[in-house]
Amino acid sequence: MSADPIPVIPLHPANPCMTCGACCAFFRVSFHWAESTAGRPDGVPEEMTSQVTPHRVAMLGTLSKPPRCIALHGTVGEAVFCSIHPARSSPCRDFAASWENGEPNPDCDRARAAFGLPPLEPGWWQPEHDGDEPPHEPRPIRPRRRRKRAA
Ligand code: SF4
Ligand code: SF4
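Think of each chain on its own: its residues are numbered from 1, step by step along the sequence as written. Chains carry letters from A onward and ligands carry numbers from 1 onward, assigned in written order. For a predicted model such as this one, the threshold for reporting local features is a pLDDT of at least 70, and the threshold for listing and counting side-chain atom pairs is 80 or more; totals across whole chains, interfaces and linings nevertheless cover every residue. In computing side-chain properties, one takes all heavy atoms of the structure into account and sets aside hydrogens as well as water.

Chemist: For this particular structure, what's the right way to read helix H2 (residues 106-114)?
Modeler: Because an α-helix packs 3.6 residues into every turn, residues spaced three or four apart end up facing the same way. For H2, every residue scored as buried is listed here: Asp-107, Cys-108, Ala-111 and Arg-112. The arc that holds the buried residues of H2, viewed along the axis, is 135°, so those residues lie on one side. Where H2 begins, one side-chain oxygen reaches toward the backbone nitrogen of Asp-107, 2.9 Å away; that side chain belongs to Asn-105. Numbered from the N terminus, helices here are DSSP runs of H or I no shorter than four residues, and strands are runs of E no shorter than two. After H2 finishes, the residue Gly-116 shows a positive phi value of roughly 75°. Relative accessibility under 20% of the residue-type maximum defines a buried residue, over 50% an exposed one, and the middle range a partly exposed one, all with a 1.4 Å probe and only protein chains included. Here, the arc refers to the directions that run from the helix axis to the C-beta atoms. Whenever two N or O atoms come within 3.5 Å, that pair is a polar contact, provided that in protein one can donate a hydrogen and the other can accept it, and provided that, for residues adjacent in sequence, both atoms are side-chain atoms.

And the structure:
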């Protein structure tokens, strides 16, 4: 009898979120129920949510203390991935990591700090970043802004 294969976590050295995951284990993640499969076939699996108001649901696990989204796999601060990444909700899609779009996100910094992780620096998003220590030369800033509203 063979055991289930251990999932391979697709680390991407230029994406510091793949070695973080702090925001997925820090915020409540709630959104309109219509973003789940109850409202659209490609939405967040309904069974991964719980109702919080007549119109809003939350990712299971994110109402707990401490929170941890049921869809988060891996170890925060080491290697993580979102098991529903293509179907994640708008607060998850809209949450920008610090400097991902050229500006800091205090919520990203706050979540990382809760796990003893330093705030990201602009250079962490350089393609040649090795995923270990932040480089010292920031890459050019992209003029795009997204914010997270995960509660
Ligand atoms: S806390 Fe910031 S760096 Fe960490 S996974 Fe979330 S967005 Fe990415
Ligand atoms: S759905 Fe995915 S991106 Fe959103 S909080 Fe959960 S693990 Fe993180």
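Chemist: Could you clarify how one ought to interpret the site of ligand 2 in this entry?
Modeler: Here a residue is considered near a molecule or strand provided that any single heavy atom belonging to it is located within 4 Å of it. In the region of ligand 2, the neighbouring residues are Cys-24, Val-29, Cys-69, Ala-71, Leu-72, Cys-82, Ile-84 and Cys-92. Here the shell around ligand 2 is composed, by residue class, of 8 nonpolar, no polar and no charged. For this scheme, ten residues count as nonpolar: Ala, Val, Leu, Ile, Met, Phe, Trp, Tyr, Cys and Pro. Four count as charged, namely Asp, Glu, Lys and Arg, and the remainder, Gly too, count as polar.

Chemist: Just checking my understanding: could you explain the packing of aromatic side chains for this structure?
Modeler: A ring pair, where both rings are aromatic, is described by two values, the distance of the centres and the angle of the planes. Only the six-membered ring of Trp is used, alongside the rings of Phe and Tyr, when aromatic pairs are assigned; centres must lie within 6.5 Å, and planes under 30 degrees apart are stacked while those over 60 apart are edge-to-face, with the rest tilted. What the rule picks out here adds up to 2 aromatic pairs. Centroid distance Phe-26 to Phe-27: 5.0 Å. Interplanar angle 90°. Geometry classified as edge-to-face. On the accessibility criterion, Phe-27 (10% relative accessible area) is buried. Ring geometry for Phe-27 against Phe-95: centres 5.9 Å apart, planes inclined by 55°, an arrangement best described as tilted. Of this pair, Phe-27 sits in the segment before strand E1 (30-32) while Phe-95 sits in the loop between helix H1 (90-94) and H2; the two residues are 68 residues apart in sequence, bridging distant segments of the chain. Cluster of aromatic residues (ring-pair linked, three or more members): Phe-26, Phe-27 and Phe-95. A ring is considered to have a charge above it if a Lys NZ or an Arg CZ atom is located within 6 Å of its centre and within 35 degrees of its normal. The lysine or arginine in question, Arg-112, covers the ring of Trp-124, its NZ or CZ lying 5.8 Å from the ring centre.

Chemist: Sorry, what's going on with unusual backbone geometry here?
Modeler: Most peptide bonds take the trans form, and the phi angle of most residues other than glycine is negative. Cis geometry is adopted by the peptide bond preceding Pro-66, which originates at Lys-65 and carries an omega value of 0°. Counting through the fold element by element, Pro-66 comes out in the loop between strand E3 (56-59) and strand E4 (72-75). Backbone geometry at Trp-99 places phi at a positive 70°, although glycine is not the residue there. With respect to the helices and strands, the residue Trp-99 is situated in the loop between H1 and H2.

Chemist: I'm lost on the site of ligand 1 in this one. Help?
Modeler: In the region of ligand 1, the neighbouring residues are Cys-17, Cys-20, Gly-21, Ala-22, Cys-23, Phe-95, Ala-97, Cys-108, Arg-112 and Leu-120. Of the residues contributing to the shell around ligand 1, the split by class is 8 nonpolar, 1 polar and 1 charged.

Chemist: Looking at this structure, I do not really get the sheet that holds E1. What am I missing?
Modeler: The strands making up a sheet associate through hydrogen bonds between their backbones, and the pairing can be parallel or antiparallel. If you walk across this open sheet you meet the 3 strands as E1-E3-E2, and the pairing is antiparallel. Whereas interior strands pair on both sides, the edge strands pair on one side only; in this sheet they are E1 and strand E2 (49-51). Going from strand to strand, the sheet's axes swing by 35° on average, the running direction of each strand aside. Pairing analysis gives 3 bridges linking E1 to E3, with the strands arranged antiparallel. Across the sheet, Phe-31 pairs through a bridge with Val-57, a residue of E3. Following DSSP output, two strands are said to pair if at least two bridges run between them. Geometry is summarised by axes, namely lines fitted to C-alpha atoms with helices restricted to the contacting stretch, and by angles between N-to-C directions that run from 0 to 180 degrees.

Such coordinate-based values are descriptive only and should not be taken to indicate function.
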